[in-house]
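# Coordinates in review
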Amino acid sequence: MPTISLCMIVKDEEAHIARCLDSVADLVDEIIVVDTGSTDRTVEIVSAYPAQLYFHPWNDDFSEARNASFSRASMDYCMWMDADDVLEEEQRGAFLELKRTLPPETDVVMMRYHTAFDEAGSPTFSYFRERWIRNSPQYRWVGPVHEVIPPRGRVLYSDVALCHKKRRAGDPDRNLRIYEKLLSEGKPLEPRHQYYYSRELYYHRRYEEAASGLERFLSQEDGWLENKIEACSLCADCYLRLGREEAGLNTLLRSMSFDLPRAELCCEIGKYFLERGNYRVAAYWYETALHIPQNELGEGFILPDCYDYIPLMQLCVCSDRLGDLVKAKEYNDRAGECKPYSEAYLYNKKYFENRREDLGCE
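This text gives an overview of the structure that appears in the document.

Parameters and conventions
Residues numbered from 1 in each chain as written. Predicted model: local features only at pLDDT ≥ 70, side-chain atom pairs only at ≥ 80, totals over all residues. Heavy atoms only, no water. Helix = DSSP H or I, 4+ residues; strand = E, 2+ residues; numbered from the N terminus. Buried < 20%, exposed > 50% of the residue type's maximum accessible area, 1.4 Å probe, protein only. Polar contact = N/O pair within 3.5 Å; in protein donor to acceptor, adjacent residues only side chain to side chain. Contact = heavy atoms within 4.5 Å. Pairing = 2+ DSSP bridges. Axes fitted to C-alpha atoms, helices over the stretch in contact; angles between N-to-C directions.

## Observations concerning the side chain of K99
Looking at the element boundaries, K99 is found in helix α4 (residues 92-101). The buried category is assigned to K99, whose relative accessible area is 4%. Only 2.9 Å separates the side chain of K99 from the side chain of D29, close enough to count as a polar contact. Beyond its immediate stretch of four places on either side in the chain, K99 contacts M1, P2, I4, L27, V28, D29 and W132.

Printed below as a string of structure tokens:
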């Protein structure tokens, strides 16, 4: 059975670190924690665990810090987690089973990463990340922010999932500061970081600059396909917020020049027409989203609700506005099968109960 070094970088994580370590400490063979300048109780809390604690100065470079943690590892594989990540109880068995059955030739294990959740705790945003990486100098982090280990060799996709659950907000300006520092030093941004820099501009509501940066990224030959599709979504929203509706719609449609339609983008196109009262066309796009199979092993960002719950709820609205109350109720009932706890579904359910006569019910 392979051995695993849990490698972490932390700073002022007293609110999270114990929860993270409690969830996984007994499943790994070594814990490496690199502190980059905590001023709270983080170091004290980590010291209560069987962890090797090191200190590394923070130089606005996540890869540098993560590589410092990897360089201390002595086991077969390095596993990274952020302090606000957690391996949920129901995942522990699958984690151990994967460890027991991992093919020895595996170089990288990709695991699901759930980063947003609905009111019942079900994931609403997920994607795969490299999680176990063979302990070798050829596998190292790159990029000062939004760092990554480029997968190579034998890559295995696993159903094991980790959850990213913050208890308090971090510094919302940190990533933008790092990118703008690089630019001020005259360092060019490769396509991947051009995308992420533009996304930071979008988050900071600098929509003109974000749209310009995203267009620059989309015009480059290099760049990850999934980032291209996501860039179309963000760029379109920039245009719509700037009142450039035609450019917004055209950019959403442009996403399909890169790959087959994604349910996420179909829902956005449906929303565009729904908000403008074109319910027939909106319904077409939501129906399209509903019939797109979710790629369970896809490398992109997945919004699971876009494959069932969201299109069903919006088809309920479209059908109601088009005067087909029976069909509207059917769509709402189907949405309720996906999320019986949804406030929107329950609101609609009461709406239909109040219109029993219009539905032909006694």
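## Let's talk about the environment of A94
Considering the arrangement of structural elements, one finds A94 in helix α4. Each C-alpha atom, one on A94 and one on Y49, is 24 Å from the other, the two residues being 45 residues apart in sequence.

## Observations regarding the sheet that holds strand β1 (residues 4-10)
Strand order in the open sheet made by the eight strands is β3-β2-β1-β4-β7-β6-β8-β5, with mixed pairing throughout. For this open sheet the edge positions go to β3 (52-55) and β5 (85-86), each flanked by a neighbour on one side alone. As paired elements, β1 and strand β4 (residues 77-80) share four bridges and run parallel to each other. Within the sheet, the bridge partner assigned to I4 lies in β4 and is Y77. The strands touched by helix α1 (residues 17-24) are β1, β2 (30-35), β4 and β5; relative to β1, the strand with the most contacts, the crossing angle is about 175°. Strands in contact with α4 are β1, β4, β6 (108-117), β7 (123-134) and β8 (155-164); relative to β8, the strand with the most contacts, it is inclined by about 155°.

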